[in-house]
Amino acid sequence: MNMMIVAILVTTAMPVYAQAQDRNPVVTAAQRVVEIISSDPAKVETYCAIGKLGVQIEDANEAKDKKTADVLTQKMRGLEKQLGREYLSFMHGLQEIDPESEDGVEIEAMLRPLDRSCARE
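What you see is a predicted model, and the numbers here were worked out from it, not measured in a lab.

Q: I'd like to hear about the state of the cysteines, residue by residue, with values.
A: Using the criterion set out here, one finds 1 disulfide in the structure. With its sulfur 2.0 Å from that of its partner, C48 forms a disulfide with C118. Judged by the torsion about the S-S bond (-90°), the C48/C118 disulfide is left-handed. With C48 in helix α3 (residues 41-62) and C118 in helix α6 (residues 102-119), the pair connects residues that are 70 residues apart, well separated along the chain.

As structure tokens, then:
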């Protein structure tokens, strides 16, 4: 009887294990980055400031104001460094993700709570 239980557990655990092995490293990095940022109010504030700068950079680019866009981009890079190597690595990997893909949708869902906390500021 015990062998039957072990066989059932092994059979049901294998797809979960295989899925974990197949997970995109950027998705895994997103989860870790969200955990790191969420656990530190100062990092949440920095994350929100980066988002605001991103909007300002887009506005400057639309206005064809390269000088302002460059200054804001430098500020953003400085803030990104404050969030650490894991954040920088995640952002680099994110460039390879299609936002409409399954991974892109999953990452967006992970980031949503952080983005909501920025909206409250």
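Q: Just give me the short version of helix α2 (residues 25-38), but keep the residues and values in it.
A: The end-to-end C-alpha distance of α2, which contains 14 residues, comes to 20 Å, matching closely the 20 Å that a straight helix rising 1.5 Å per residue would cover. What α2 keeps buried is the set V26, V27, A30, V33, V34, I36 and I37. Elements that come into contact with the buried residues of α2 comprise α3, α4 (66-83), α5 (85-94) and α6. Where α2 begins, the capping side chain belongs to N24, and its oxygen is found 2.8 Å from the backbone nitrogen of V26.

Q: Please give an account of the environment of P99 that cites residues and values.
A: Position of P99 relative to the elements: it lies in the loop between α5 and α6. Given the relative accessible area of 55%, P99 is considered exposed. Contacts of P99, omitting those with residues within four sequence positions, involve G104 and V105.

Q: How would you summarise the packing of α3 against α4 if you had to cite specific residues and measurements?
A: Two elements in contact, α3 and α4, have axes whose closest approach is 9 Å; the angle formed by their N-to-C orientations is 160°. The angle between the axes of α3 and α4 places the two elements in the roughly antiparallel class. As for how α3 packs across α4, the hand of that crossing is left-handed. Packed against α3, whose contacting residues are K43, T46, Y47, A49, I50, L53, G54, Q56, I57, A60 and N61, the element α4 presents T68, A69, L72, T73, K75, M76, L79, E80, Q82 and L83 at the interface. Here the residues of the contact of α3 with α4 are counted per class, giving 11 nonpolar, 7 polar and 3 charged.

Q: Describe in detail α4, supporting the description with residues and values.
A: Because the α-helix completes a turn every 3.6 residues, residues three or four places apart line up on one side. For α4, spanning 18 residues, the distance from its first C-alpha to its last is 26 Å, which sits close to the expected 26 Å at 1.5 Å a residue. Three or more residues of α4 are buried, namely A69, L72, T73, M76, L79, E80 and L83. Relative to the axis of α4, the buried residues are bounded by an arc of 125° and lie together on one face. With respect to the buried face of α4, the exposed residues turned more than 90 degrees away are K67, K81 and Q82. Buried residues in α4 make contact with α2, α3 and α5. Remark: G84 follows α4 within two positions and exhibits a positive phi of approximately 100°.

Q: Describe the packing of α3 against α6, naming the residues involved and giving the relevant values.
A: Orientation of α3 relative to α6, taken along the N-to-C sense of each, is 85°, at an axis distance of 9 Å. The orientation of α3 relative to α6 falls into the category roughly perpendicular. Listed contacts from α6 to V44, Y47 and C48 of α3 are L111, L114, D115, S117 and C118. Of the residues belonging to the contact of α3 with α6, the class tally is 6 nonpolar, 1 polar and 1 charged.

Cut-offs applied
- Residues numbered from 1 in each chain as written.
- Predicted model: local features only at pLDDT ≥ 70, side-chain atom pairs only at ≥ 80, totals over all residues.
- Heavy atoms only, no water.
- Disulfide = S-S within 2.5 Å.
- Helix = DSSP H or I, 4+ residues; strand = E, 2+ residues; numbered from the N terminus.
- Expected span 1.5 Å × (residues − 1).
- Buried < 20%, exposed > 50% of the residue type's maximum accessible area, 1.4 Å probe, protein only.
- Contact = heavy atoms within 4.5 Å.
- Polar contact = N/O pair within 3.5 Å; in protein donor to acceptor, adjacent residues only side chain to side chain.
- Axes fitted to C-alpha atoms, helices over the stretch in contact; angles between N-to-C directions.
- Parallel < 35°, antiparallel > 145°, perpendicular 65-115°, else oblique.
- Left-handed = near helix turned anticlockwise from the far one by under 90°.
- Nonpolar A, V, L, I, M, F, W, Y, C, P; charged D, E, K, R; others polar.
- Arc of directions from axis to C-beta.

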